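This is what each chain is made of:
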Amino acid sequence: MPDGVRQPRRVFHYSNSHQFRRSPSPSLEPSSSPRYQTSRFGDAGLRILSAPHRPARHISRTAIKILDAPELQDDFYLNLVDWGNNDCLAVGLGSCVYLWNANTSRVTKLCDFVNDAVSSVSWAKQGSHLAIGTNKGTVLLWDTETSRRIRTWTGHTSRTGALAWSSNILTSGSRDHKIYHRDVRSPNQYFRKLDEHVQEVCGLKWNEEGTMLASGGNDNNLLIWNSHQDNLLWKFRDHTAAVKAIGWSPHTRGMLASGGGTADKTIKFWNAISGAAISSHDTGSQVCNIAWSKKTNEIVSTHGYASNSDSSSNQVIVWRANNMQRVATLSGHSSRVLYMSLSHDGTTVVTGAGDETLRFWDVFSTAEVIRREPEDRRECLR
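In this text the structure is predicted, and so the values were computed from the model without any measurement.

(A) Molecular detail of the pattern of salt bridges. Tallied over the entire structure, the rule returns seven salt bridges. Residue R336 pairs with D74 through a salt bridge whose shortest N-O separation is 3.3 Å. Of the two residues, R336 sits in the loop between β26 (326-330) and β27 (339-342) while D74 sits in the loop between β1 (65-68) and β2 (81-83), which places them 262 residues apart along the sequence. According to the relative accessible area criterion, R336 is buried, its value standing at 11%. Overall, D74 belongs to the partly exposed group, its relative accessible area being 41%. K235 is the salt-bridge partner of E196, the closest N and O atoms lying 3.0 Å from each other. Highlighted residues: E196 in the loop between β13 (192-194) and β14 (201-206) and K235 in strand β17 (residues 232-236), separated in sequence by 39 residues.

Shown next, in the form of structure tokens:
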């Protein structure tokens, strides 16, 4: 090797004739190990605590819009308000049906029966067809785009206070205790008659799949029917007053809520698949309507007479469905809140009362939408 040239050497390198064997170093525990934790909370808890704070949901306690509704009947057994998927509100006032367009606020008179009174209205799930029931028992189908009556059905011998749609099937319930299934494609008046109630039928609701029909009556009974057959699946007799308020959960398959009248005042939850009663809750006042939120696992109920004080009468109440805790109490009506419907987008609730006003409430516009399972809807397990 030439003079003056040094061989580079590695720093801190031991070199001898015997290879140096190092003993395996002990494995080091991660810093997340419990023995190194200085907090009583685990990783999951710390992630929750460090998540950005979400502001509390605000529901305005005052109506965002009020419309006069002269001749809106103060009758518990009628169903005179319905908000369609076409964003048009149908309201029965005396012998007339009026339409209010939510996009333009335009009001039009659809029809006037002159010698008969409107007792129920119900929009078809799609399109512009509106079903109307009258005090004489007639059921009519109108095309609201052309303002033309396209069908008239008879069969009931008294007022038709309840209507419900399942695809092309229109179901009607009456004071004559009867329920009729009518196919709008058939020339026949009806294809099925259900004759199990012993007093007026005042509540009718199809489930989302169209496989079960719930009917409520002034006989205090809540009945569950199989599809379009005359097969009675369940008869629930737990209510002690008329059952007009009925609502199927859009989130849990087979779950049904019902509300009782003045002598009952309860909201009850049912498993319509197994026929089991899930729970019962005393609301303190007559239950007139029940509707499930399309966005959250909450229900809205409207109320009439209260047992304790006038201040708790005539309210609109939002509840958490799983534990029936109050989310909001909305006041403003001076008479029983007998009618209710939800907007197509599920954000706004409209209510009608014997004080002859319609009030619009912004209830769910700030609510977070439920994350649905891949199977779309969970089954009612209880």
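(B) Spotlight on the side chain of D355. Relative to the helices and strands, D355 is located in the loop between β28 (348-352) and β29 (357-362). Despite its burial, D355 pairs with no opposite charge, the nearest such side chain being R359 at 4.5 Å. At a separation of 2.9 Å, a polar atom in the side chain of D355 contacts the main-chain amide nitrogen of S334. In terms of polar contacts, D355 uses its side chain to reach the side chain of T357, at 2.8 Å. Residues contacting D355, with those up to four places away along its chain left out, are H333, S334 and S335.

(C) Quick peek at the nonpolar core. Within the largest apolar cluster, 32 residues are counted, with the highest numbers of intra-cluster contacts made by L89, V97, L130, I132 and L358. Sorting the residues of this core by element identifies β2, β3 (88-93), β4 (96-101), β5 (107-112), β6 (118-123), β7 (129-134), β8 (139-143) and β29 as the ones contributing at least two each. When residues of this core are assigned to their parent elements, the largest contribution, five residues, is made by β3. Apart from the residues lying within four places of it in its own chain, the contact partners of L358 are K65, I66, L67, A69, L72, V81, L89, V91, V350, T351 and G352. I59, A291, V316 and V349 belong to the second-largest nonpolar core, a separate cluster that totals 15 residues.

(D) Examining unusual backbone geometry more closely. Not every positive phi belongs to a glycine, and V114 is a case in point at roughly 60°. Within the secondary structure, V114 sits in the loop between β5 and β6. On the basis of relative accessible area, V114 is assigned to the exposed category, the value being 61%. With phi around 60°, M324 is a residue other than glycine that occupies positive phi space.

(E) Looking closely at the sheet that holds β27. Spatial ordering of the open sheet is given by β1-β29-β28-β27, a layout of four strands whose pairing is antiparallel. In this open sheet, the two strands that pair with only one neighbour each are β1 and β27. Adjacent strand axes in the sheet meet at a mean angle of 20° when their direction is disregarded. Of the pairings in the sheet, the one linking β28 to β29 comprises five bridges and is antiparallel in character. In the strand pairing of β29, V350 is matched with F360.

(F) Structural view of the packing of aromatic side chains. Enumeration according to the criterion identifies six aromatic pairs in this entry. Measuring from ring centre to ring centre gives 4.3 Å for Y180 and Y190, while their planes differ by 35°; the resulting arrangement is tilted. With Y180 in strand β12 (residues 179-183) and Y190 in the loop between β12 and β13, the pair connects residues that are 10 residues apart, well separated along the chain. For Y180, a relative accessible area of 5% gives the class buried.

(G) Inspection of the pairing of β7 at higher detail. The buried count for β7 comes to five of six residues, which makes it a mostly enclosed element. As judged from the five bridges shared by β6 and β7, these two strands associate in the antiparallel manner. In the strand pairing of β7, S120 is matched with G133. Counting the residues that bridge the hairpin from β6 to β7 gives five residues, and of these G127 lies at a positive phi of roughly 85°. Counted along the chain from β7 to the antiparallel partner β8, the turn is four residues long, and its residue G137 has a positive phi close to 100°.

Conventions adopted
- Residues numbered from 1 in each chain as written.
- Predicted model: local features only at pLDDT ≥ 70, side-chain atom pairs only at ≥ 80, totals over all residues.
- Heavy atoms only, no water.
- Salt bridge = Lys/Arg side-chain N within 4 Å of Asp/Glu carboxyl O.
- Helix = DSSP H or I, 4+ residues; strand = E, 2+ residues; numbered from the N terminus.
- Buried < 20%, exposed > 50% of the residue type's maximum accessible area, 1.4 Å probe, protein only.
- Lys, Arg positive; Asp, Glu negative; His and termini not counted.
- Polar contact = N/O pair within 3.5 Å; in protein donor to acceptor, adjacent residues only side chain to side chain.
- Contact = heavy atoms within 4.5 Å.
- Core = buried A, V, L, I, M, F, W, Y, C linked by side-chain atoms within 4.5 Å.
- Pairing = 2+ DSSP bridges.
- Axes fitted to C-alpha atoms, helices over the stretch in contact; angles between N-to-C directions.
- Phe/Tyr/Trp six-rings, centres within 6.5 Å; stacked < 30°, edge-to-face > 60°.

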